[in-house]
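Residue strings, one per chain:
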Amino acid sequence: MANDEYDFLFKVVLIGDSGVGKSNLLSRFTRNEFNLDSKSTIGVEFATRSIQVDQKTIKAQIWDTAGQERYRAITSAYYRGAVGALLVYDISKHQTYENVTRWLKELRDNADSNIVIMLVGNKSDLRHLRAVPTEEAKQFANVPGENNLSFIETSALDASNVELAFQNILTEIYRIVSQKALDNGDSAQANIPAGTGISLTKQVDDGAAKGGKCC
Amino acid sequence: MRSLEESRKRWQVTTRHATSLDELKKSVRPNGHDSPCVSGLRSVCWKTFLLFQSTEVTGWSRVLVDSRSAYTSLREHLLRYIDNPDEVGSASDPLNDDKSSPWNTMRQDEEIRAEIFQDVERCMPEEDYFRKPETQKTLLDILFVFCKINQDVGYRQGMHEVLAPILWVIEQDAIKTQAEEMSPGPEEDTVMKEMLDRSYIEHDAFTLLSLVMRSAKSFYELAEPDKRPDTSFTGSGAPQQGASPIVERSKRIHEVYLARLDPELAKHLTDIEVLPQIFLIRWIRLLFGREFPFDDLLALWDTLLAEDPDLDLVDMVCVAMLLRVRWQLIEANYSMALMLLLKYPFPEPPYGPQSFVDDAIYLRDNFSAAGGARIISKYGARPLNLQSSDLRPSTPLGQGSSPKQKLSRTRSPLPSPASFLKQQGGVEALFQGAAKGVLDRGERLGINQAVRDAVGEVRKNMQGLQASRTNSTRRSEGMRWSLDDGRSVPSSSKATVAAMNARNLQLARMLDQTMSDMRAVSKEGDKEQCVEAMDLAVAKVEFVKVYLEDSTMPLPPDSPPLDPASPSAGLRSPSPQDPLQIAAPRAPDTSSTTPKQLEASPALPESSSPPQSTLAGPEIQIAPIPATTGLRQDIPISIPTIATAQGTLARPKAPVPTRSTIAQSSFSWMLESDSPSNSPAKSSPPKPSSPFLKSGRRPTSGPNREKAAFLFGEEGGDSSTTSSRLPSLSDADEGYNMGSIGGGKVK
C-alpha cells in the first residue's frame, strides 16, 4: 500500500469512562467525523492516521475501547505496545473526572511505565454545563512528583483542539524517541533517517541507563 | 404493531409451518419469503425455539402465563422504589448509612440504571423506534431487572444490543388493538391474542433475553469473580489473573476450530499476531449485531436460534465468517487484517449473512480441513488446494467419519465448549492447588526443602521413565480431537480411549485415597506423624500430577504386588521396566522413621480408626478400616504401590461418580494436548504437538516482538519497505523498551 509508508508507528490508546466521547475523538481525528448518536463501543475499535512531524511521517494507530472495558476482557491486548494514552473525561460530568485516578492506576498496572499520558477534558463545547474547572484539571495534571501529564481540553463536536491533542501527544512521543536517538550520538545519529529500527535498538541500553540516572 | 387482520394471516402462516418443532426449524432456514419468520410471526418462532420448545399450541398459553407472571412479580419487587419513590420516605431515615436501608439500595439502583441508560440512549440510533422514550424505558427496565437477578455478571455493555432485536421483534408482532377488541372474538384467536398481547411486550422480551443469556452470559463474564466493578480498581494491582471466558472462547475458536478447519489461515493469524479476542468480543457478545444490517441480523438469528438455542454454534459462525474472507486475510498484514475483521464486509450476493449459519452447521458436521476447504471453495475465487503439505497432517482425521459418528454428531448434546474448557482448567488448577496447599502446610509444619527434593526426585524419575519409553500405540492427534469435540471418534482410537478412561479412573482413585489420607492426617496431633504423612501425600499428589502431565507414561498395573517386607528396596533406584518403584519422599529417613512410626502407634489401627472413618466417611466412599491400616503400613513403601494397593482395596466404592466422570472427560483431553504428536518427524518430548496448543509460540513471535512492531511499524513482515527499516526483528525486542522514552521525558 502506497499510503502505508511511514517512519514511525505509534500505538495510542483512548481510555476513560463510558460516554466521555472517546469514539468521537477518534472519528474526529481520523475521519473528521462526529456523530451525536454514536453507539457504545463494544470491545475494541481501531483506526489510523498519519501526520508529519519534522518531515517524518508518523503513523498513529489509535485504539478505542468500551469505557466499561476497564472491567477487562482485553486489557493486556489493549495496552500491549501502547506508547501513548489519551485519558479522557467529560468536563460536564464530574464523576468521569474523579475516575481519572482509577484510570491512572489502570495504566500503571497494565501499560508500560513510561507511556506518555495526556489528560483530555472533552466536550468543552458544553460551557453551560461545565462541572470540572479547567484550572483544577490543569493542576491535577501537574502534581509535582506524582502526575506528569500533559493536559488539554477538547471538543469532538466542534473539533476544537482535537487535532492539537493528537499532534501534541504524537510529537511528544516522537521527541522522546528521536531525542534518545540523538543523545546516543555518533553512529546512531547517522542512522536515524534510514534505519530507525537499528539505531533505537542499539541505543536501548544506553537509554535505559540514562533514564535511571535522571530519575 | 399490526392490525388484528394482518396478525391473523401471519399467525396462520406460522402455525402451518409449526407442524413439529423440527419442521418449524427447517422452515426458517431458507432465507426467503417462505420463512415463517418473514411472512409469519418471527416472535412466535423465536418464542417457540427458546421458550416453548414445542409446537403444541395448546401448551403455549400456560408457559406464557407463567413467564409473564414471573416477570411481573420480579419487576414489582425490584422496581418498587424506582416506580414509587414516595414509598421509601416513610420506611426509614434517608441519612442512615445502613447498607440494607431502602435509601441505600435505591441510590445504588439509580447508579446502575444510569449506567445502563447511558447505553440505552445510544442503542440503535438509526431506528426511530429506539429513540422513543417509552422504548428506552422498557429497555432500561428489562436490563435493570436482568442485572439485579444476575448479579454475578451484572449489566455489561453490549447486553442492550442483544435485547434490542428481541424487543423489536416482539413489538413488531404485537397486535395494535384496543383492550375491548382483544377479549372477544373467534375461538381460534384466543391463543394468538394472548401471544401477541401488547401489554406483555416487556415481559416476553425479558423472558427471551433471559433465555438467550443463559448461554450468552458467559460471553460477558469476567476473569475473576472478585473483579467486580467496585473492586476492580481497589484490588491488587496485578493485571490479568486468568483469562475471561470470552478470551478463552476466542482462543479456542482460533487455535482449535479454525486450526482444524483451515490450518493455514489459523497459522497466518498467529503469525501476524492478530489476537482473536480483539474482533471476536464484539462479534460474539452482540451475536453479530454490529456486523450486519439489522434485517440480515434478524434472519441470521432466525437460523441460529432454531439450530442451537444454546449458542454453541456461534463459534462456528465465527469460523465461517473468517473462512469467507479467507483469501483477503491470508494476504493481509496486522492492520489490514484488523481493519477487515473490525469492519466485516457484507457478504457477496446472493449469499446473505444468514448463510454463515448454514456454513457453521456444515462445518460443525464436517469438522475437518476438508470441510473447511469445501466452504472456502464454495465462495472463494479459487479452490483451496488441500494437497499442500502443510494441510496434510490434519486431513486424514476428518475423513473417517462413519455413519455412526454422524449419528452421534447430530444427537450429541455437547456440553458447552466454554464450560468444557473451564472444567478442564478447573481440574488442573485443583491439583496444583492441592499440591500447593500441602506444600504450604508442610512448610508450616517444618518440612521444607526435604519435601521439594523428594518431589523433584519423583518427577525426575518419572521423566526418566518416560524418556525411555517408546511411543508405541498412541494416536494422540486423533484422540485430542475426538475428545475435544466429542463428535468423531476414529474407530482405531477406541481402544486408546478405553485405556485412557481406565487410566483416569486409576489416577482418580489414587487421588481419592491420598485425599482421605490427608484428611485423616490433619486431624492427628502428632507432629512427627503429620510431617511424615504429609510428605507422603505431597508425593502422591505430585505423582498423579506427573502422570497427568504426560499421558504417554504407563501407569502401574491395577494390582501391583504389595511388598511391605522390603520397604525401601526400590527407593531411589527405579528401573524403566518397573514404573512402580518411585522414590518416596525423604528416602534417607525412611529406615529410621519406620521403626519409630511403628513404635509410636502400636495400637493405632484400633484407636484411630473411628475418628478417621467419620472423617472420610460421607464424601469419600472407602472402607475406613482397610484404608487406615493401609496408611500405616504404607508409609515407607514406594508411592505408586501404596496408591494402587489402596485403590485395589477400596475399589468397589472408591471412585466417587462425579469425580471420575470429570476425570474421564477432561483429563484425557488435557493429557492428550501435552502428549507428543504421532508425526514421525518429532521425537517424544512432552511438548505441545501443535503450534497452536498451549502457548507454543515461535521464539520470534513473542509479545516483545509485537511491542516492537507497534512502535516501529513492522507489521508481520508484509512489505519490503517496513522490513527494510527493521533489518533485525528479533533484536528489536529491546527496542521497544520505553526506558529510552522515559529517559528523555525527564528533562
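Residues numbered from 1 in each chain as written. Chains lettered and ligands numbered in written order. Predicted model: local features only at pLDDT ≥ 70, side-chain atom pairs only at ≥ 80, totals over all residues.

**Quick look at the overall build of chain B**
To be explicit about the condition: A run of H or I in DSSP counts as a helix once it spans at least four residues, and a run of E counts as a strand once it spans at least two, with each numbered from the N terminus. Burial in this document is a count-based property: other C-beta atoms within 10 Å of a residue's C-beta are tallied, and the residue is buried at 20 or more, exposed at 12 or fewer, or partly exposed in between, with C-beta positions derived from the backbone. Residues are scored as being in contact if the C-beta atoms we place from backbone atoms lie within 7 Å.
Looking only at helices and strands, one finds 37 helices and zero strands in chain B. Classification of the 747 residues of chain B by burial places 45% in the buried group. Of all intrachain contacts in chain B linking residues separated by at least 6 positions in sequence, the fraction that spans at least 24 positions is 74%.

**Notes on the nonpolar core**
As a reminder, the rule being used: When buried Ala, Val, Leu, Ile, Met, Phe, Trp, Tyr and Cys residues are joined through C-beta atoms within 7 Å, the set is termed a nonpolar core.
The biggest cluster of nonpolar side chains holds 164 residues, and the ones touching the most others in it are L87(A), L143(B), L163(B), V317(B) and V319(B). The contact partners of L87(A), leaving out residues within four places of it in the chain, are I15(A), G16(A), V100(A), W103(A), I117(A), M118(A), L119(A) and V120(A). The next biggest cluster of nonpolar side chains, apart from the first, holds 15 residues, and it includes L505(B), L507(B), M510(B) and A533(B).

**A few points about the packing of helix α3 (residues 42-52) of chain B against helix α12 (residues 201-220) of chain B**
Each pair of packed helices gets described by two things: the angle between the helix axes and the distance between those axes. Residues and elements named next belong to chain B. This is how the line gets drawn: In this description, a line fitted to the C-alpha atoms serves as the axis of each element, helices being fitted only across the stretch in contact, and the angle between N-to-C directions of two axes falls anywhere from 0 to 180 degrees. Here is the rule for angles: anything less than 35 degrees is roughly parallel, anything more than 145 is roughly antiparallel, 65 through 115 is roughly perpendicular, and the remaining ranges are oblique. For any pair of crossing helices, the crossing counts as left-handed if the nearer helix is rotated counterclockwise from the farther one by less than a right angle, and right-handed if it is rotated clockwise. Residue polarity is assigned by list, with Asp, Glu, Lys and Arg as charged and Ala, Val, Leu, Ile, Met, Phe, Trp, Tyr, Cys and Pro as nonpolar; anything else, Gly included, falls into the polar class.
Where α3 meets α12, the axes come as close as 10 Å, and the angle between the chain directions of the two elements is 55 degrees. Relative to α12, the element α3 lies oblique. With respect to the hand of their crossing, α3 and α12 are arranged in left-handed fashion. Packed against α3, whose contacting residues are W46, K47, L50 and L51, the element α12 presents D204, T207, L208, L211 and V212 at the interface. Taken together, the residues that form the contact of α3 with α12 break down as six nonpolar, one polar and two charged.

**Considering the sheet that holds strand β1 (residues 8-15) of chain A**
Residue and element names in this part refer to chain A. Convention followed: Strand pairing requires that DSSP identify at least two bridges connecting the strands.
Taken in spatial order, the six strands make up an open sheet running β2-β3-β1-β4-β5-β6, and their pairing is mixed. A single partner strand is all that each edge strand has here, and the edge strands are β2 (44-53) and β6 (150-153). Averaged over all neighbouring strand pairs, the angle between strand axes comes to 25 degrees, with direction disregarded. Bridge count for strand β5 (residues 116-122) against β6 is four bridges, and the pairing is parallel. Paired with L119 across the bridge in β6 is F151.

**Quick word on the confidence of the model for chain A**
Atomic detail in the predicted coordinates should be set aside for any region of low pLDDT. This is how the line gets drawn: As a per-residue measure, pLDDT tells how confident the predictor is, with possible values from 0 to 100.
Here chain A averages 83 in pLDDT, and 81% of its residues register 70 or above. Of the regions scoring below 50 in pLDDT, residues 186-215 of chain A engages in 61 contacts with residues more than four places distant in sequence or in other chains.

**Some thoughts on the environment of V120(B)**
Residue and element names in this part refer to chain B. Residue position: V120 is located in helix α7 (residues 102-120). Each C-alpha atom, one on V120 and one on G158, is 9.9 Å from the other, the two residues being 38 residues apart in sequence. Filtering out sequence-adjacent residues up to four positions away, V120 remains in contact with Q136, L139, L140 and H160.

**With respect to the pairing of β1(A)**
Residue and element names in this part refer to chain A. Summarising burial for β1: eight of the eight residues are buried, a large majority. For β1 and strand β3 (residues 56-65), the ladder comprises seven bridges, and the chain directions are parallel. Pairing of V12 across the sheet is with I62, part of β3. Of the pairings in the sheet, the one linking β1 to strand β4 (residues 84-90) comprises four bridges and is parallel in character.

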